[in-house]
Amino acid sequence: MSSIPALVDTDWLAEHAADPNLLIVDATTFLNRPAGDGARVAESGRSTYEQAHIPGAVFADLLLEFADQESGRYFTVLPSEAFARRAGALGIGEGTHVVVYDQGEDMWATRLWWNLRLEGFDEVSVLDGGFAAWQEADLPVAAGVETTPAATFTARRRPELLADQAAVLTALETDDVQLINALDPDIFDGAKQVYARRGHIPGSANVFCRDLKVDDRAGSMDAVRQRLTPTGALDEDRSVVTYCGGGIAATYVAFHLAQLGRDDVAVYDGSMTEWAADDSLPLEITGD
């Protein structure tokens, strides 16, 4: 892992905002759930960014620019070359320290954190509490669109940080891999149906991403360790794959595991959106 802090607070960012090597990135995206149960509808946060953002921040559109539009699902990772072009266009390159935030639950920020790490870029931090924390601190806010000179981003993909359906199927056949589901316990248990089928991938432990927070901030590392230890995710002799609905909340859990020394956690990008859509793949419903 890089010596760059994984998590920074608003005081740190306000103090370092003028650093010429620092690039602030707003990764705001929204998932709007229609009335009743059902998969959420994704929306770009670009217009929200244009209305208000941290001064100097550029916008990374995770829905439309940093996702593979041909996959048939929201947010599928881009090929490395395409990601490199788009990251470079934002100004991300060698010597840049990226601080990413969002105007929601921080999981969009950790999604970009993970995607940068997937492509071999470690100089990235997440702003704890995101834009809401910045506003609560009564710090300056800007509007409009900001840009920074383009940079050269060299992608060096770490395939071990990305899990696909085949990798998860293999994980079901061994005790050496721990699956972590980051969804609401009611979705995990199967009490609530959001995806094509109810339940969770067999053998999964449930760590709801919001349970790692306290008052909309990241919980203390001691508290996070206590929450994650019983799952087996900190066992050095086991690999870990996190998943959720579409590979977003899963990155929030992976982010916290990285801070606890597990910087090798893979994210199942297709997650329940892909898995539940295939009737041949097993799911468990708690209590059934």
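This text gives an overview of the structure that appears in the document.

What counts and how
- Residues numbered from 1 in each chain as written.
- Predicted model: local features only at pLDDT ≥ 70, side-chain atom pairs only at ≥ 80, totals over all residues.
- Heavy atoms only, no water.
- Helix = DSSP H or I, 4+ residues; strand = E, 2+ residues; numbered from the N terminus.
- Patch = residues over 30% accessible without salt bridge, like charges linked within 9 Å, V, L, I, M, F, W, Y side chains within 5 Å.
- Areas by Shrake-Rupley, 256 points an atom, 1.4 Å probe, with all protein chains shown as cover.
- Salt bridge = Lys/Arg side-chain N within 4 Å of Asp/Glu carboxyl O.
- Lys, Arg positive; Asp, Glu negative; His and termini not counted.
- Charge placed at Lys NZ, Arg CZ, Asp CG, Glu CD.
- Pairing = 2+ DSSP bridges.
- Buried < 20%, exposed > 50% of the residue type's maximum accessible area, 1.4 Å probe, protein only.
- Polar contact = N/O pair within 3.5 Å; in protein donor to acceptor, adjacent residues only side chain to side chain.
- Axes fitted to C-alpha atoms, helices over the stretch in contact; angles between N-to-C directions.
- Parallel < 35°, antiparallel > 145°, perpendicular 65-115°, else oblique.
- Left-handed = near helix turned anticlockwise from the far one by under 90°.
- Contact = heavy atoms within 4.5 Å.
- Nonpolar A, V, L, I, M, F, W, Y, C, P; charged D, E, K, R; others polar.

## With respect to unusual backbone geometry
Right, on to step 1. Of note, D138 is a non-glycine position whose phi angle comes to about 60°, a positive value.
Right, on to step 2. If you trace the backbone, D138 turns up in the loop between helix 5 (130-136) and strand 8 (162-163).
Right, on to step 3. Even without being glycine, S271 reaches a positive phi, approximately 45°.
Right, on to step 4. For S271, the location among the structural elements is in helix 10 (residues 271-275).

## Brief notes about a negative patch on the surface
Right, on to step 1. A cluster of acidic residues, D175, D176, D235, E236 and D237, forms a negative patch on the protein surface.
Right, on to step 2. For D176, the position within the fold is in the loop between helix 6 (165-171) and strand 9 (177-181).

## A look at the sheet that holds strand 14 (residues 266-268)
Right, on to step 1. On the basis of which strands lie adjacent, the open sheet formed by five strands has the order 8-14-13-9-10 and parallel pairing. A strand with exactly one partner marks an edge of an open sheet, and here the two such strands are strand 8 and strand 10 (205-206).
Right, on to step 2. In this structure, strand 13 (residues 239-243) lies alongside strand 14, joined through two bridges in parallel fashion. Note that in strand 14 the partner of T242 across the bridge is V267.

## Let's talk about the side chain of S271
Right, on to step 1. On the basis of relative accessibility, which here comes to 0%, the residue S271 falls in the buried class.
Right, on to step 2. At 3.0 Å, the side chain of S271 and the backbone nitrogen of C244 are in polar contact.
Right, on to step 3. Polar contacts involving the side chain of S271 include one to the main-chain amide nitrogen of G247, which spans 3.4 Å.

## What to know about the packing of helix 4 (residues 107-118) against helix 9 (residues 249-259)
For any two helices packed against each other, the geometry is given by the interaxial angle and the distance between the axes.
Right, on to step 1. At a minimum axis separation of 8 Å, helix 4 and helix 9 run at an interaxial angle of 70°. As far as their axial angle goes, helix 9 and helix 4 are roughly perpendicular. In the packing of helix 4 onto helix 9, the handedness of the crossing is left-handed. Note on element contacts: helix 9 touches helix 4 through A249, T251, Y252, A254, F255 and A258, opposite M107, T110, R111, W113 and W114.
Right, on to step 2. In the contact of helix 4 with helix 9, the residues fall into eight nonpolar, two polar and one charged.

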